[in-house]
Amino acid sequence: MTDVVAEGAPDTDGTSSRRSLRPLGVVLAAIAVSLTGTRISAIALPWFVLVTTGSATQTGLVACCEMTPYVVVKALAGPLVDRTGPRGVSWTTDLLSAAAACAVPLLHAVDLLSLPLLLVLVALIGAARGPGDLAKEVMVPAAAERSRVPLERATGLAGVTERLASTIGPAAGGSLVALLGPLAGLLVNAGCFALGSVIVALVLPRGVGTAAAGAPPDGEAQPDYWRRFGEGFIFLRGEPLLLTIIAMVGITNLLDAAFNTVLMPVWANESGHGPTDIGLNSSTGGLSAVAGSLAATAAAHRMRRRVVFFAGFLLAGAPRFLILASDAPRWAVLTVFAVGGFGAGFLNPILGAMSFERVPRRLLGRVNALGDALAWAGIPLGGLLGGAMVASFGLVPVLLTGAALYFLTTSLTGLRPEWRAMDRGRGRERGRTAHCETASDGP
């Protein structure tokens, strides 16, 4: 990777004053690789279960078994990441995810993959992904400091990286599944996790992500795990705006999970569009989300956050459900996904900016883990409920119900008084950051 070098003042820790973009570039590359693999798997795994079992309920059950340990383990991993450093957590969990993902197609090839064993493997993947994703998020501020890149710009670049992965991943996943079958997509997913592990373990410069922030003064004992966990919980409990955001995003994430893991695969199967259109829809939304994220990085700091935030949700939410329920032509479906993706691109940059103003750096791992885990708590139920509802009532009624719930959640919640604080305290840099994000990567 090419370094961009510039002279600067000596670092307070005695390191070189040369500026290198390599630390931030390597972290962003690791994020891109692992997320691309995850997005490929998000198409390949549900399609594999759907075509082999023919059951929307079992498809939702598999999604639930992956996301439940993801949410739980991620919530509990914050103190560990803060104390041991995110680097080791990232590469070891990526390696474990790669092994579990690779086992699915290999066991299926020798006719040993039963449904209970598949559930165990996807649960292992989810349990490893949670801390791995958290660790990569936590490394962004440290890598930005080492690269001497402003934190707002670094988090914006991380958002663009996530959106690019959400564009490339579904397109590659849909094509792989259509041409070679879903098991090929799972093998590529395993390869992406392995590559991400190598990037962090061997390419990331030494010192990045190896030390926990907020160590106690000399002579004081390190707080135990549960005290560290409690510090993050106490801080989050005292932030009404962050708690309100988490509650709203938790509901929308549940609906997004049902849409992505069950409703869209069932729509593609019943309509005859197939997995190619799943990838095409997701990639169209993802590409528009990249444009939205770039626009947010350039201009959102001059806009009223509250207006932009709820406008983004209005575009990104209910219209996707309605267009799939309407039996519309492909060009109309793609248009809705493109407009929704652009709106979704503004959401995470705004959430990241608000958290940056509120959460101390030393609590980054704990508050980040708790916030993300609470916001993602409904995701395991999303696939399970989506599958059960489709089996009971059919696809179109569930899509219409999802659209109504999405609209009401993102409209009525905005009337609460906590949202008035969204535009307060803007532009303050207090040496702290966090990242509470939506699970939706756009439509």
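Residues numbered from 1 in each chain as written. Predicted model: local features only at pLDDT ≥ 70, side-chain atom pairs only at ≥ 80, totals over all residues. Heavy atoms only, no water.

J.: Explain the side chain of K136 residue by residue, including any values.
T.: Checked against the element boundaries, K136 lands in helix α4 (residues 115-147). Given the relative accessible area of 3%, K136 is considered buried. Residues in contact with K136, not counting those within four places in the same chain, are V27, A30, I31, S34, S90 and D94. (Helix = DSSP H or I, 4+ residues; strand = E, 2+ residues; numbered from the N terminus. Buried < 20%, exposed > 50% of the residue type's maximum accessible area, 1.4 Å probe, protein only. Contact = heavy atoms within 4.5 Å.)

J.: So what's going on with the packing of aromatic side chains? Which residues, and what values?
T.: Evaluated as defined, the whole model comprises six aromatic pairs. Consider the rings of F259 and F337, whose centres lie 6.2 Å apart with planes at 35°: the pair is tilted. Of the two residues, F259 is situated in helix α8 (residues 240-271) and F337 in helix α12 (residues 330-344); the sequence distance between them amounts to 78 residues. This pair shows no difference in class: F259 is buried, exactly as F337 is. Look at F321 and Y406: their rings are 5.9 Å apart centre to centre, the planes differ by 50°, and that puts the pair in the tilted class. Taken as a pair, F321 in helix α11 (residues 318-325) and Y406 in helix α16 (residues 395-412) lie far apart in primary sequence, 85 residues in all. (Phe/Tyr/Trp six-rings, centres within 6.5 Å; stacked < 30°, edge-to-face > 60°.)

J.: Explain the packing of helix α2 (residues 56-84) against helix α15 (residues 379-393) to me, using residue names and the numbers behind them.
T.: Between two packed helices, what matters for the description is the angle formed by their axes and the separation of those axes. Where α2 contacts α15, the two axes come as close as 6 Å, and the packing angle between them is 170°. Judged on the interaxial angle alone, α15 and α2 are roughly antiparallel. Contact residues: α2 offers A56, T57, G60, L61, A63, C64, M67, T68 and V71, while α15 offers I379, P380, G383, L384, G387, A388, V390 and A391. Looking at the contact of α2 with α15 residue by residue, the class counts come to twelve nonpolar, five polar and no charged. (Axes fitted to C-alpha atoms, helices over the stretch in contact; angles between N-to-C directions. Parallel < 35°, antiparallel > 145°, perpendicular 65-115°, else oblique. Nonpolar A, V, L, I, M, F, W, Y, C, P; charged D, E, K, R; others polar.)

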